[in-house]
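Spelled out from the first residue to the last, the chains are:
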Amino acid sequence: MDAPLRVFITAEQIQKRVAELGARIDADYPDGPIYLVAILKGACFFLADLARAIKTPVRLDFMGISSYGRGKTSSGEVKVLKDLDTSIEGHHVLIVEDIVDSGVTLSYLMNLLEQRKPKSIRIAALLDKPDRRLRPVEVAYRGFQIPDEFVVGYGLDYAEDYRNLKDICILG
């Protein structure tokens, strides 16, 4: 954990943007519940703040998906480590993700969850790196579009470190 860090997005900027996303989601889904499906472990901080910013009734569930291992780049192989605890059939589903990078993981996940017949399924991502896209993914609710930098903090990690930083920082 001795790598230098440079603050990229402050905690205040994050909270302001999460509140804006919550208001947009409320406008798009005036009736609940909305199933917020967080992708572990990185999205847990974003999920908690986003759920509190949404006034529409929400239900929470979690999935564990991996395509990174312990490196800084996607391995391209997607594994489901933890599946949903409840059925999403007939419900509005919002996948809550910390960062959209290559799109490999979310493309796989969207296909998997669409087979479970939700009423609708969309993506809310705190961060989006479109320059790294290998598979097309539509992010309905984007916190910040960022350049191709490796970032940590606010749930994002490098080899399980840095998740608890309040800001998003460039690891470098």
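Below you will find a few notes about this structure. Predicted, not measured: the structure shown is a model, and the values here were computed from it.

Counting secondary structure elements, the protein chain contains 3 helices and 9 strands. Ordered by position from the N terminus, the helices and strands of the protein chain form the series β-α-β-α-β-β-β-α-β-β-β-β. For 172 residues, the compact-globule estimate of 2.2 N^0.38 gives 16 Å, and the protein chain sits close to it at 15 Å. Summarising its shape, the C-alpha atoms of the protein chain cover approximately 45 × 35 × 25 Å along the three principal directions.

For the structure shown, the criterion picks out 15 salt bridges. Put simply, D28 and R122 hold a salt bridge, and the shortest N to O gap is 3.7 Å. Linking D28 in helix 1 (residues 11-28) with R122 in strand 6 (residues 120-128), this pair joins segments that are 94 residues apart in sequence. R122 gets classed as partly exposed once you look at its relative accessible area, which sits at 30%. Across the pair K41 and E160 runs a salt bridge, and its minimum N-O distance is 3.3 Å. With a gap of 119 residues between them, K41 in the loop between strand 2 (34-40) and helix 2 (44-53) and E160 in the loop between strand 8 (151-152) and strand 9 (168-171) connect regions that are remote in the sequence.

Judged by nonpolar contacts, the single largest core of 31 residues is most densely connected at L50, L127 and I168. The element that contributes the greatest number of residues to this core is helix 2, accounting for 5 residues. L84, V93, V100 and V137 belong to the second-largest nonpolar core, a separate cluster that totals 22 residues.

Burial within strand 5 (residues 92-100) is extensive, with 8 of its 9 residues counted as buried. Of the strand pairs in this sheet, strand 2 and strand 5 are connected by 5 bridges, and their pairing is parallel. When the bridges of strand 5 are listed, V37 appears paired with I95. Sheet analysis places strand 5 next to strand 6, joined by 8 bridges and oriented parallel. For V100, the partnering residue across the bridge sits in strand 6 and is D128.

Further remarks concern the packing of aromatic side chains. Scanning the model with the defined rule gives 2 aromatic pairs in all. Their ring planes at 45 degrees and their centres at 6.1 Å tell us that F45 and Y154 sit as a pair that is tilted. Separated by 109 residues along the polypeptide, F45 in helix 2 and Y154 in the loop between strand 8 and strand 9 bring together distant segments of the chain. Considering the side-chain rings of F150 and Y158, the 5.8 Å spacing of their centres and the 85 degrees angle between planes classify their relative orientation as edge-to-face.

This next bit is on the sheet that holds strand 8. To summarise the sheet geometry, strands pair through backbone hydrogen bonds and adopt either a parallel or an antiparallel arrangement. The 3 strands lie next to each other as 1-9-8, forming an open sheet whose pairing is antiparallel. Both outer strands of the open sheet, strand 1 (5-9) and strand 8, are each paired with one neighbouring strand and no more. With 4 bridges connecting them, strand 1 and strand 9 associate as antiparallel partners. Bridge pairing in strand 9 places V7 opposite C169.

In spatial order, the strands read 4-3-2-5-6-7; together these 6 strands make up an open sheet with mixed pairing. The open sheet has two edge strands with one neighbour each: strand 4 (79-82) and strand 7 (141-145). On average, each strand axis in the sheet is inclined to that of its neighbour by 30 degrees, with strand direction left out of account. As paired strands, strand 6 and strand 7 are joined by 4 bridges and run parallel to one another. Of the residues in strand 7, the one forming a bridge with L127 is F144.

Thresholds, definitions, all that
Residues numbered from 1 in each chain as written. Predicted model: local features only at pLDDT ≥ 70, side-chain atom pairs only at ≥ 80, totals over all residues. Heavy atoms only, no water. Helix = DSSP H or I, 4+ residues; strand = E, 2+ residues; numbered from the N terminus. Rg over C-alpha atoms; globule rule 2.2 N^0.38 Å. Salt bridge = Lys/Arg side-chain N within 4 Å of Asp/Glu carboxyl O. Buried < 20%, exposed > 50% of the residue type's maximum accessible area, 1.4 Å probe, protein only. Core = buried A, V, L, I, M, F, W, Y, C linked by side-chain atoms within 4.5 Å. Pairing = 2+ DSSP bridges. Phe/Tyr/Trp six-rings, centres within 6.5 Å; stacked < 30°, edge-to-face > 60°. Axes fitted to C-alpha atoms, helices over the stretch in contact; angles between N-to-C directions.

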